[in-house]
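Listed below, chain by chain, are the residues.
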Amino acid sequence: MTTDAKILSALRENPGGVSGAQLAEQLGVSRAAVWARIEELRGAGFDISAGPHSGYRIVGEPDALLADDLLARLNCFGWGERPREPQLSKSKRLARTLAPPRIIGRDIRVFEQTTSTNDVIEKLARDGVKEGAVVFAESQTKGRGRLGRKWISPARRGLWFSILLRPDLRPQETTQLTVMAATALRRAIFSETKLQPEIKWPNDILIGGKKVAGILTELNAEPDKVRHVTLGIGIDVNLDADEFPAELKKTATSLKIETGETISRAELASAILRELDLDYALICTGKFTAVADEWEKHCVTIGKNVTVQIGGRKICGCAEALDDDGTLRLRTEHGHLERITGGDVTLEK
Ligand code: BT5
């Protein structure tokens, strides 16, 4: 962690305030150096008060994604004072979510603008960067969906990010990662907003039938082995209704529209990364079924009559279940079983 991330961690862990002397001692730097870092953080938009008795306290946060801030949120309780007992014992789940990241989020980079965060991750992957690196962009000029479709990514209104993964999976098993992303996104959105998102196979998160997030899993593989996967995620966080283009007004929504409140993107981002890290650990240890079980509970596709469009081919039938590799099992209207690995699903009314 950088010094700034450590300072932010310390300030969050001690909402009552931390003195410059305490920070200096913990960080092994001078008080003047702490003061200089605090000034930098103020410059980045953090409102940090300084009182003779209370010490430094965060009283306001910027609506910006900052790598140090996100790292600090993920590593909260990894530095300085440990969480107080009542916090730890609140529930097992809380203890789980407060653990520092194992893989996803150990390296975080934020860009003001990119073409597509998937492009940046692809480049990092070729440069040999370790798995778990996450790239956020405040806006994307060429955000994309599947099949080269456009993904609108207005500045500071959403979370547009990609993650580099190097899983030990066969290429046909990588649908597991889209399933994992959907379950983690659903949990994080629920925990931060109390909204109840639904999952639509393969890559949509819906609220009230409208799309609030999409997942784009891009694969770089040899015939039998995955080299790396770029997991791209777009979430409409604070868009107002008039910020969606006309063609998306009926089909898309944002967390702000659904809750009536502006959501902290940094808080949501760190919640998502923690949830992803937990589920990725399950996938890496061969426990995909635990992820799939949760997915099936919240999936609007299972048990429904659907039409799947795969290129020029259209298949109608009942979506029966998710298979162990993440593919959708579809019983066609003629009674055949089809295993669907991709395509566009329309739910029949
Ligand atoms: C997806 O594709 O849903 C995957 C979206 C992934 C976006 C992330 S952002 C970070 C990373 N970098 C990228 O360049 N991409 C990823 P698909 O299922 O093909 O859906 C695309 C369709 O969703 C479009 O054709 C539009 O109809 C609709 N759409 C576009 N922008 C949207 C938005 N912001 N919110 C909701 N729907 C949108």
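Analysis parameters
- Residues numbered from 1 in each chain as written.
- Predicted model: local features only at pLDDT ≥ 70, side-chain atom pairs only at ≥ 80, totals over all residues.
- Heavy atoms only, no water.
- Pairing = 2+ DSSP bridges.
- Helix = DSSP H or I, 4+ residues; strand = E, 2+ residues; numbered from the N terminus.
- Axes fitted to C-alpha atoms, helices over the stretch in contact; angles between N-to-C directions.
- Contact = heavy atoms within 4.5 Å.
- Domains from an automatic or database assignment.
- Near = heavy atom within 4 Å.
- Polar contact = N/O pair within 3.5 Å; in protein donor to acceptor, adjacent residues only side chain to side chain.
- Nonpolar A, V, L, I, M, F, W, Y, C, P; charged D, E, K, R; others polar.
- Salt bridge = Lys/Arg side-chain N within 4 Å of Asp/Glu carboxyl O.
- Buried < 20%, exposed > 50% of the residue type's maximum accessible area, 1.4 Å probe, protein only.
- Parallel < 35°, antiparallel > 145°, perpendicular 65-115°, else oblique.
- Left-handed = near helix turned anticlockwise from the far one by under 90°.

1. Some words on the sheet that holds strand 6 (residues 198-200)
Right, on to step 1. The sheet built from seven strands is open, its strands ordered 3-4-5-9-8-7-6 with mixed pairing. Strands at the two margins of the open sheet, each flanked by one partner only, are strand 3 (107-114) and strand 6. Sheet twist, expressed as the mean angle between neighbouring strand axes with direction ignored, is 20°.
Right, on to step 2. Relative to strand 9 (residues 226-236), strand 8 (residues 210-221) is paired through nine bridges, and the arrangement is antiparallel. Paired with N220 across the two strands is H228, which belongs to strand 9.
Right, on to step 3. Against the sheet, helix 10 (residues 265-284) makes contact with strand 3, strand 4 (133-140), strand 5 (158-165) and strand 9, and its axis sits at roughly 30° relative to strand 5, the strand it touches most.

2. Concerning the domain arrangement of the protein chain
Right, on to step 1. Segmentation of the protein chain into domains returns domain 1 (3-60), domain 2 (67-297) and domain 3 (305-347).
Right, on to step 2. Between domain 1 and domain 2, the C-alpha centre-to-centre distance is 29 Å.

3. A few points about the site of the ligand
Right, on to step 1. Near the ligand there are 27 residues, and of these S116, R144, R149, K211 and D236 occur at the shortest range.
Right, on to step 2. Between the ligand and the protein, one listed contact pairs a nitrogen atom with a side-chain N or O atom of T117 at 3.2 Å.
Right, on to step 3. Side-chain polar atom of N203 to an oxygen atom of the ligand: 3.0 Å apart, as the coordinates give it.
Right, on to step 4. Within the residue set of the shell around the ligand, elements represented by two or more residues are helix 7 (117-126), strand 5, strand 8 and strand 9.
Right, on to step 5. When the residues that make up the shell around the ligand are grouped by side-chain class, the tally is nine nonpolar, eleven polar and seven charged.

4. Quick look at the environment of A184
Right, on to step 1. Within the fold, A184 resides in helix 8 (residues 175-193).
Right, on to step 2. Along the chain, A184 and H336 lie 152 residues apart, while their C-alpha atoms are 32 Å from each other.
Right, on to step 3. The residues contacting A184, other than those within four sequence positions of it, are E275, L276 and D279.

5. What to know about the sheet that holds strand 10 (residues 305-310)
Right, on to step 1. Pairing within the open sheet is antiparallel, and its five strands lie in the order 13-12-11-10-14. Looking at the sheet topology across the chains shown, the edges are occupied by strand 13 (337-340) and strand 14 (344-347). Put simply, the sheet's adjacent strands are angled 45° from each other on average, direction ignored.
Right, on to step 2. Where strand 11 (residues 313-322) lies against strand 12 (residues 328-332), five bridges are found, and the strand directions are antiparallel. Its bridge partner being in strand 12, G317 is matched across the sheet by T332.

6. Focus: the pattern of salt bridges
Right, on to step 1. Using the criterion set out here, one finds 34 salt bridges in the structure.
Right, on to step 2. The partner of E61 in a salt bridge is R73, and the shortest N-O contact between them spans 2.9 Å. In this pair, E61 is assigned in the loop between strand 2 (55-60) and helix 4 (67-74) and R73 in helix 4, connecting sequence segments twelve residues apart.
Right, on to step 3. Exposure remark for E61: the relative accessible area of 38% places this residue in the partly exposed category.
Right, on to step 4. A residue is classified by how much of its surface remains accessible, and R73, at 8% relative accessible area, is buried.
Right, on to step 5. One salt bridge in this structure joins E218 and R144, with 2.8 Å as the shortest N-O distance. With E218 in strand 8 and R144 in the loop between strand 4 and strand 5, the pair connects residues that are 74 residues apart, well separated along the chain.
Right, on to step 6. Overall, the relative accessible area of 25% leaves E218 in the partly exposed class.
Right, on to step 7. Among the charged side chains, a network of salt bridges with common partners joins R12, E61, D69, R73 and E267.

7. As for the packing of helix 8 against helix 11 (residues 288-297)
Right, on to step 1. Running from N to C, helix 8 and helix 11 point in directions that differ by 55°, and their axes come no closer than 9 Å. Compared by their axis directions, helix 8 and helix 11 come out oblique. Considering the relative orientation of helix 8 and helix 11, their crossing is left-handed. Contact residues: helix 8 offers Q176, V179, M180, A182, T183, R186 and R187, while helix 11 offers F288, V291, E294 and W295.
Right, on to step 2. Taken together, the residues that form the contact of helix 8 with helix 11 break down as six nonpolar, two polar and three charged.

8. Points about unusual backbone geometry
Right, on to step 1. Geometrically, the link from W201 to P202 is a cis peptide bond, its omega value of 0° lying close to zero.
Right, on to step 2. One can find P202 in the loop between strand 6 and strand 7 (204-207).
Right, on to step 3. At R156, a residue that is not glycine, the phi angle is positive and equals roughly 60°.
Right, on to step 4. Along the polypeptide, R156 turns up in the loop between strand 4 and strand 5.
Right, on to step 5. A residue is classified by how much of its surface remains accessible, and R156, at 28% relative accessible area, is partly exposed.
Right, on to step 6. The residue K194 is not glycine, and still its phi comes out positive at about 65°.
Right, on to step 7. Within the element layout of this structure, K194 appears in the loop between helix 8 and strand 6.

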